[in-house]
Structures are given as C-alpha cells and as structure tokens.
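# Close look at the chain arrangement
Residues per chain are reported as follows:
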Amino acid sequence: MTLSAQTPRRLESFVSGRWTAGQRDGKPLLNAANGQTVALIDASGLDYGAALEWGRKVGGKNLRKYSFHERAAMLKALAQALMEQKEAFYAESFLTGATRTDGWIDIEGGFGTLFAYSSKARRELPNTRILTEGDVEVLSRDNTFAAQHILTPMEGVAVHINAFNFPVWGMLEKIAPTLIAGMPCLVKPASQTAYLTELVVRRILETGILPEGTLQLVSGSAGDMLDHLTGEDVLTFTGSASTGQMLRGHPKVVSESVRFTMEADSLNSSVLGTDAAPGTPEFDFFVKEVAREMTTKAGQKCTAIRRVIAPRAHTDALIEALSARLGKTVIGDPALENTRMGPLASLDQREEVRDRIKDLCAEAEIVAGNPDEVSVASGDADKGAFLNPVLLHCAKPLDGTAIHDVEAFGPVATVMPYDDIEEAVELAKRGKGSLVASVFTNDPKVAEEVVIGMAPLHGRVLIGNRDSAKTSTGHGSPLPMLVHGGPGRAGGGEEMGGMRGVKHYMQRTAVQGTPRLLSAVTGRWIAGASGLDTPVHPFRKSLAELNIGDQLITKSREVTLADIEHFATFTGDTFYAHMDEESARANPFFEGRVAHGYLIVSFAAGLFVDPAPGPVLANYGVDNLRFLTPVNPGDELKVQLTAKEINPRITADYGEVRWDCCVTNQNDEVVAQYDVLTMVAKTWPQVAQAAE
Ligand code: NDP
C-alpha cells in the first residue's frame, strides 16, 4: 500500500447513546506523511453533563449486574472481534505516521492487553461482584467482632483523556481494567489521531458486546466536561506535563476530590554498565535497544530512552556504533514495507521537536543527524512531518539542566558519560521521576547497585544482558501485568499492573462487624461465623447445592509413634525431630518427637474426604498452610472443613470451591490451618449420566 488521497470524514462523538457530530465543520486532521486532510474534528455543542449522567445512570447500572468473570469474558470477545478487523485499523494507523511495526504495538498491543486482562481476571479474581482484600482482622478476644476490607465498583464514570501517540492501545489499556472493575468509561482521544480511535470505538459498539452506556467517546475538545465531574468519577490523563498539571488543579477535581491519575512525559534513561565494554554482548544489546527506542514511533513514546548514560571510557565507541546504526534507518512512507521509521504525528509536532533540540543544544552538541535537513527514502519530504534521528552528546551532564528536563518528543536522545556507578544513578535521578529506566550489565553487583539506586524514582526498571537479549520485551514496552507510571515528573500515576489496575476503579472500604454478618456481606465464610450443619457430606453436593458455610466436623484420629515411623520410612523424610527423641527435645520448639506436618495434612484428608465418585472432581492445591502447634504421639486430630468461597466458571460445567480447613488436637488447639482448593461439578450426577 502507498499513500493515497483520502476523502476527509467528519468524526462523530458517541455520547448519551448516539453518534453526534459537532456543530461546526471541524478542524482538519492531516495525514502525517503527506499533509492531506484525513478527517475533520469538532465536538462543539455536546452536552457533557448529560453524557456523564447517562454513563453513571445507564452504563454503571448495566455493568454492575455482571460478575468479574462475565465482564472479563466480554473483553475477550471484544478482542477477538477487533482482531478480525485489524487490517482496517492498520490502514488508518499509517495515516498517523506509524509504520506497520509501530501500528502493531498500538493495535495488536491494545488487543493483547484486552486478552491479557480478560484471562488474568478470570484466573485471579473470584467470580463475584465485589472483592475482599487482605486477611480478616479479628478485633475482639472472643472473635465476635472482626473486620474485612472490601472493594466495590465506583459508581461514576471513568473519563480517560489520551495522547496522540497511541490512539488504540492508549484507550484499551485504560478501559480494560476499568470495565473489569465494573465502571463505565468516557474516552477522549487526542484530536490529532482521533480518527483511528473513533473507528475502533465504532467497531466495538457494533459488536453489541458491551452493555448500553458502558463506553462513550468524545471526538474533539473536552469543552466544559470537567465541570460536570463528581467525587464518584475518575479522571485519567496521558499527555504533556503542563496539561496534566492544569487538569490536576481543575476546580472540580480539587473540590470533589476526583480520583486523578496522570501519566506524563518523562526523561527516561538507560545505563550502560561499567562491565559492558565494546565487544561484549551487553554493549551490542544496548546499542540496538537505544536505536530501537529512538526510532520506534519516531521516538514519540512516553517510555522512549531520552538519556543514554554510559561509562566515559566507552562514550566514543558508543556514539560511533549508535550513529552507524541510526544512519541505516530507512525513513519514509510508513505504509511501505521497507520503511523503518515514519514521520512525526504532525508538522506542528516536528516544529516543537526542533525547538526542543535547540534547547538541548545549549548544553549538548549534535553528534549524529541534522534536525533541519530531511532525508527520506520515500514519502513527501516537504509536506510530511519527517525528522531524521538526532543524537546529542553532553560531556558534563552533572552540570546540565536542560538535558534532564527538556523532552524532545521525537527521535532524539543525549549521550551522557559517567565516571562511577554512583554518578550513573545520580544522573538517572536527575530526570526527577521517570516511567522507566534500564541498565545493561552482566555483573550482579552493577545490577543491584543501579536498580536499587534508581527504583525510588521509577515505575519500572529493566535489566538487559546476554541471556535476555532475545527474550526481553524491551525498555519501552509497558505490559498489562506490570505497573505503568512513575513518580514526580512522570505524573505520579499508576496504570495497569495486572489486577492492581482494576482496583484503581473501585472503592476500598473497611467493614467491621460480627463474623456471621461479615460473611453475609462479603459472600465469603469467615472464621467465627457458625457453620451450616448439613445432613449430607459437603463433598456429595454439586455447586448448585453447596452453600457458603456448609460445614463438616469429622471424628477424631489418634497419631501414634508407629504412624510417624511408617510415614518417615515410606516417604524418606527422617528429619531428626520426627525420629530422635533426644535431639527433638533439644530443639526450642518441641518437647520430644513430633509428627510430620505433611502427615497431619494427609491424615486430615483421610478424615474429611468422602471417597465415592461425586461432584468433587479434583483437589488442585492448598493455600496459606501453617502448622501452628506441634503434634506428639498420642495426640488426637479432628478437622473442621467449611465451604469458604464458591466460584462457578462461566465457560465450564464446574467451578472452584475454597474450603477452610482447621485441624485441632484433643485440647482444641489449632495444629494446622489452610485452605483446600477443589474443582466441583455444577450439577451431579452429570446430565449425560443422569440420562443413561
Ligand atoms: P497535550 O497534553 O496537549 O494533550 C493530551 C490530551 O489532553 C489530548 O487528548 C488533549 O486533547 C487533551 N487536552 C488538552 N487540553 C485539555 C483540556 N484543557 N481539558 C481536557 N483535555 C485536554 O499533549 P499533546 O498531545 O499536544 O502533546 C504535547 C507534548 O506532550 C508532546 O510533545 C510530548 O512532549 C508530550 N506527550 C507525552 C505523552 C506521554 O505519553 N507521556 C504522549 C503524548 C505527548 P486535544 O488533542 O483535543 O487537545
């Protein structure tokens, strides 16, 4: 595919349940590579108050009817539907200046984030509508008063304001955790590339997968939207520090304590270790990574390496290697297969980057590239926003300020020499808080010193060495399971980070009360609540029949010395505390030979298991196993087994049941405490068997 004239389309917003065009003709959005008008954008006349209210009243209510697993399943279905249409998105992505590889990060990286959130949520969250967090806190001696933290979905709308550089991923990485949490979204993409976001939102809404009111889109300026925010809403922002600070200080955000997350530009650094001399695999990996970070998306990435920190002795070799590599970058029409770097997002953006390079030149000299001369292999060098990579060098970086402060949001980086590791860390910290940093070293001491030194001012740190050169996901790639965001200059926000990100859209509440009522609130049996006596063994109950709190109290079983010896010889675990009376007595914890912990667990299973085939399909593990009181020969063991949590799977005919297992001795002392994890059939006998 090559560049072609596009008929400009008028972008629309989707608010209060309908697609709406602005009242004016709209501002033209230009193809980054040839200056032709791609679309017109305008959001004048939108009723933002009504849109937010519609999201709260219709979207929130609809979404909260579903469980975490059901909402996660929606994300997977959405990702599958979008993936099938990906070529249409690539076609528009080229217009933003993105090459196919750049587009892959944005488009398929975005869909991958939906998939990842969907599968992580189904694996890591219960299939419920609220979450419990942490252990139950017992607040009275007799356990009649306790507390549990719970998380419930916030009842407002999450307003997500995005940057121009990732029109797809930028939206999806924010809405994935929001929707799983049960909160509706209103997305406002940056105008410059909003046509791609608008297309994806259209396709999302056409699937009909999301409940009504769950997703709204504003194509154009935010107008007075923020004036309508309330304390139940969330505002997230990605973009420039100056806009972010203005939004953080917005009167409504301040007066209503609106939860606000900001992810702003940062001067990310990468450190070449003292051991990584030219000729080592780490040096080569570093050169490759810095060049890749400078040229991917033409350096328009919030995580790109801006400051290249290297041992002074290796600086010349590094500049030479980087210049050679950057010089080979094929720059041109992003839609062409051999193009490695496309243009910046707009001519304005290029002027902005050129101005920032001038600022940097007050403290650094250009050692590769010329910001004022454009040399392209294809595309329109006059009308396209092309800029060849520019490498700078600052000999005295500790004396500089602009090199640590000024972000040239393009293919630009500054090499900074250091004399010892402490200085390298000091330089990295001069960025005053960054999204990410990296260190390339094969020396554990260097890795430790640099990572621990930089971590307090960074949201993510990557270590690169020869072993991970092929498998590393790279300095600049935020991942759905890892935290994305950094302190200070980077905005002080935090996005994604797996299920942590979901909790950003939920309210944490400490609930205090008696265990029976806390169990009723949380849907989780809490020790201290009475158990339900059941006429049939709970293992004979299918998921449909089992209740939270169903309880079995077993008969007792004595542990004999012969049992301990048999277990020791049978398993080979002849640790002295089980075998040698004198040595066991000398141990500060025991008063003689004790039973193996695993013998206790095995005997407990022997006591509580119902052996016949039934709805319990498998025991897939135990959680939180603790041995609390030693068991000596002659002690009597008894088990209390209680159904603690029931999680039916939505796509299988079974679910998970977590059982509270408490093993006590003849004095009612708890000797072992743990959760038994089982898979249980939804119905029993299974329908097919019943029909036979
Ligand atoms: P801006 O901060 O101006 O814009 C970011 C987002 O904020 C856009 O959606 C923009 O909408 C919106 N916005 C702007 N003003 C307001 C407002 N008053 N109320 C509500 N929303 C508002 O960044 P730019 O996109 O113009 O980029 C400028 C610089 O920011 C870049 O050169 C780069 O240095 C940095 N940047 C950092 C990024 C990062 O990921 N950290 C990403 C992109 C840019 P609209 O586009 O409609 O004005």
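Given the structure is predicted, the values throughout are model-derived calculations rather than measurements.

Following tryptophan 684, the chain continues to proline 685 via a peptide bond in cis, the omega torsion being -5 degrees. Relative to the helices and strands, proline 685 resides in the loop between β29 (670-681) and α21 (687-691). Even without glycine at this site, serine 16 takes up a positive phi of about 50 degrees. One can find serine 16 in the loop between β2 (13-15) and β3 (18-20). The phi angle at methionine 496 is positive, at roughly 50 degrees, despite the residue not being glycine.

Looking now at the sheet that holds strand β18 (residues 434-440). What the seven strands build is an open sheet, ordered β15-β16-β17-β14-β13-β18-β19; its pairing is mixed. Both edges of this open sheet fall to β15 (365-368) and β19 (458-464), since each of them pairs with a single strand only. Strand-to-strand twist in this sheet, taken as the mean axis angle between neighbours without regard to direction, amounts to 25 degrees. Relative to strand β16 (residues 390-393), β15 runs antiparallel, the two sharing three bridges. Bridged to alanine 368 within β16 is leucine 391. Strand contacts of helix α14 (residues 444-454): β13 (269-272), β18 and β19, with the helix running at about 165 degrees to β19, the strand carrying the most contacts.

A few words now on a negative patch on the surface. A grouping of Asp420, Glu422, Glu448 and Glu449 is seen on the molecular surface, where their side chains present a negatively charged patch. Within the element layout of this structure, aspartate 420 appears in the loop between β17 (412-418) and α13 (421-429).

In this fold, glutamate 423 is placed in helix α13. Discounting residues that sit within four places of it in the chain, glutamate 423 has contacts with Leu398, Pro417 and Tyr418.

The next thing to look at is a positive patch on the surface. A surface patch of positive charge is lined by Lys288, Arg325, Lys328 and Lys470. Structurally, lysine 288 can be placed in helix α9 (residues 281-295).

On to the side chain of threonine 315. Within the element layout of this structure, threonine 315 appears in helix α10 (residues 315-327). For threonine 315, a relative accessible area of 4% puts it in the buried group. A polar contact is formed between the side chain of threonine 315 and the backbone oxygen of arginine 312, at a distance of 3.0 Å. Setting aside residues up to four positions removed in sequence, threonine 315 forms contacts with Ala310, His393, Val415 and Pro417.

The share of residues in the protein with pLDDT of 70 or more is 98%, and the mean pLDDT across the chain is 95. The low-confidence segment residues 687-692, where pLDDT is below 50, has one contact with residues more than four positions distant or belonging to other chains.

Another point: the site of the ligand. For the ligand, the set of nearby residues contains 24 residues, the closest of which are Asn162, Ser191, Ser240, Gln349 and Glu407. Note that an oxygen atom of the ligand is positioned 3.4 Å from one of the backbone N or O atoms of alanine 190. At 2.6 Å from an oxygen atom of the ligand is found a side-chain nitrogen or oxygen belonging to serine 191. For the ligand, whose unbound accessible area comes to 870 Å², protein coverage reaches 78%. Every element with two or more residues in the shell around the ligand is listed here: β11 (234-239), α7 (241-248) and β12 (259-264). The class makeup of the residues in the shell around the ligand is 12 nonpolar, eight polar and four charged.

Turning to the sheet that holds strand β6 (residues 131-138), a few remarks are in order. Read across the sheet, three strands follow the order β6-β7-β22 without closing on themselves; strand pairing throughout is antiparallel. The open sheet has two edge strands, β6 and β22 (506-513), and neither has a second partner. When the angles between neighbouring strand axes are averaged without regard to direction, this sheet yields 20 degrees.

The next point concerns the pairing of β19. Two faces make up the sheet, and in a regular strand the side chains alternate between them. As judged from the six bridges shared by β18 and β19, these two strands associate in the parallel manner. If you follow valine 439 over to β19, its bridge partner there is isoleucine 463. Following the backbone out of β18, through α14 and into the adjacent parallel β19, one traces a crossover that is right-handed.

The tally for this structure, following the rule as stated, stands at 10 aromatic pairs. With a centroid separation of 5.0 Å and 85 degrees between ring planes, the pair formed by phenylalanine 285 and phenylalanine 440 is classed as edge-to-face. With phenylalanine 285 in helix α9 and phenylalanine 440 in strand β18, this pair connects stretches of sequence that are 155 residues apart. According to the relative accessible area criterion, phenylalanine 440 is buried, its value standing at 0%. On the basis of an interplanar angle of 45 degrees and a centroid distance of 4.7 Å, the ring pair of phenylalanine 575 and tyrosine 576 is categorised as tilted. Members of the aromatic cluster, connected to one another through ring pairs, are Phe285, Phe286 and Phe440. Cation over ring: arginine 71 sits above phenylalanine 68, and NZ or CZ is 5.1 Å from the ring centre.

Thresholds, definitions, all that
- Residues numbered from 1 in each chain as written.
- Predicted model: local features only at pLDDT ≥ 70, side-chain atom pairs only at ≥ 80, totals over all residues.
- Heavy atoms only, no water.
- Helix = DSSP H or I, 4+ residues; strand = E, 2+ residues; numbered from the N terminus.
- Pairing = 2+ DSSP bridges.
- Axes fitted to C-alpha atoms, helices over the stretch in contact; angles between N-to-C directions.
- Contact = heavy atoms within 4.5 Å.
- Patch = residues over 30% accessible without salt bridge, like charges linked within 9 Å, V, L, I, M, F, W, Y side chains within 5 Å.
- Areas by Shrake-Rupley, 256 points an atom, 1.4 Å probe, with all protein chains shown as cover.
- Salt bridge = Lys/Arg side-chain N within 4 Å of Asp/Glu carboxyl O.
- Lys, Arg positive; Asp, Glu negative; His and termini not counted.
- Charge placed at Lys NZ, Arg CZ, Asp CG, Glu CD.
- Buried < 20%, exposed > 50% of the residue type's maximum accessible area, 1.4 Å probe, protein only.
- Polar contact = N/O pair within 3.5 Å; in protein donor to acceptor, adjacent residues only side chain to side chain.
- pLDDT = per-residue confidence, 0-100.
- Near = heavy atom within 4 Å.
- Nonpolar A, V, L, I, M, F, W, Y, C, P; charged D, E, K, R; others polar.
- Right-handed = clockwise from strand over helix to strand, strands pointing away.
- Phe/Tyr/Trp six-rings, centres within 6.5 Å; stacked < 30°, edge-to-face > 60°.
- Lys NZ or Arg CZ within 6 Å of the ring centre and 35° of its normal.

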